[in-house]
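Next come the chains, spelled out residue by residue.
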Amino acid sequence: MKTKIAVVMSVISIIMLCIYGLDVIAANGGKNGFLPMDVSVRGSVFGIIPSALLIISFFITRKEPSKKLGILIIIGGALIIAGTGIILALQGAQSQDARAVREFGAVLGIGVIITILGILKIRKS
C-alpha cells in the first residue's frame, strides 16, 4: 500500500515539474508564463512541493523494494536538474547576482540528491 501511495506521489510530482518547466519555457525568460503566478510563488508551489513529494516517497518506502518507484524518483530528479539548466539558459543574457547563483546551486543539489535516492531505491530492489 505504501508503495502505491509513493508511486502516485511521484507521478504527481513529475506532472507538477513538467507544468513548471513548460511555464518557464512559455515565459521565455520573462516574469509570467501561462500560470497566473509570480516567479517566486511558481517556484515554491511547482518546485518545492514536487521535490518534497519525491523525497517523502523514498522515505515512506525505504524498506520496500520497487524498481518502478526508483525510476520515477530518478525521472523527477533529472527533471529538476534539467529544469535548472533550462532556467539558467533562458536567463543567461541577464546578469546573475551571487544570491541567484546560490539558489540555482541549491536547487541543482536537491535534484542530484533526489536522483541518488532513486538509484538507491533501484539498488535495493
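Definitions and limits used
Residues numbered from 1 in each chain as written. Predicted model: local features only at pLDDT ≥ 70, side-chain atom pairs only at ≥ 80, totals over all residues. Heavy atoms only, no water. Helix = DSSP H or I, 4+ residues; strand = E, 2+ residues; numbered from the N terminus. Buried < 20%, exposed > 50% of the residue type's maximum accessible area, 1.4 Å probe, protein only. Contact = heavy atoms within 4.5 Å. pLDDT = per-residue confidence, 0-100. Salt bridge = Lys/Arg side-chain N within 4 Å of Asp/Glu carboxyl O. Expected span 1.5 Å × (residues − 1). Arc of directions from axis to C-beta. Axes fitted to C-alpha atoms, helices over the stretch in contact; angles between N-to-C directions. Parallel < 35°, antiparallel > 145°, perpendicular 65-115°, else oblique. Left-handed = near helix turned anticlockwise from the far one by under 90°. Nonpolar A, V, L, I, M, F, W, Y, C, P; charged D, E, K, R; others polar.

J.: Give me the lowdown on the overall build of the protein, citing residues and values where you can.
T.: Summing up its helical and strand segments, the protein has four helices and zero strands in all. Reading the protein from its N terminus to its C terminus gives the helix and strand order α-α-α-α. Across its three principal axes, the protein shows a C-alpha extent of roughly 45 × 25 × 15 Å. Scored against the burial criterion, the 125 residues of the protein give a buried share of 35%. A fraction of 74% describes how many contacts in the protein between residues 6 or more apart in sequence connect residues 24 or more apart.

J.: So what about the confidence of the model for the protein? Which residues, and what values?
T.: Within the protein, residue pLDDT values average 88, and 94% of them lie at 70 or more. Least confident of the elements in the protein is helix 4 (residues 98-124), whose mean pLDDT is 90; most confident is helix 1 (residues 2-27), at 92.

J.: How would you sum up the pattern of salt bridges? Please name residues and give values.
T.: Enumeration over the complete set of coordinates arrives at one salt bridge. Residues Asp23 and Arg42 are paired through a salt bridge, measuring 2.6 Å at the closest nitrogen-oxygen approach. In this pair, Asp23 is assigned in helix 1 and Arg42 in helix 2 (residues 39-60), connecting sequence segments 19 residues apart. With a relative accessible area of 0%, Asp23 lands in the buried category. Owing to a relative accessible area of 5%, Arg42 belongs among the buried residues under this scheme.

J.: Can you explain helix 2? Please cite residues and give values.
T.: Between the first and last C-alpha of helix 2 there are 31 Å, a value that for 22 residues agrees with the 32 Å anticipated at 1.5 Å per step. What helix 2 keeps buried is the set Arg42, Gly43, Phe46, Gly47, Pro50, Ser51, Leu53, Leu54, Ser57 and Phe58. The buried residues of helix 2 occupy an angular sector of 155° when the element is viewed end-on, so they sit on one face. Each element contacted by the buried residues of helix 2 is listed here: helix 1, helix 3 (67-90) and helix 4.

J.: Please provide a residue-by-residue account of the packing of helix 1 against helix 2, values included.
T.: Two elements in contact, helix 1 and helix 2, have axes separated by 8 Å at closest approach and are oriented at 155°. Between helix 1 and helix 2, the angle is such that the two are roughly antiparallel. Between helix 1 and helix 2 the crossing geometry is left-handed. Class assignment of the residues belonging to the contact of helix 1 with helix 2 gives a composition of 18 nonpolar, six polar and three charged.

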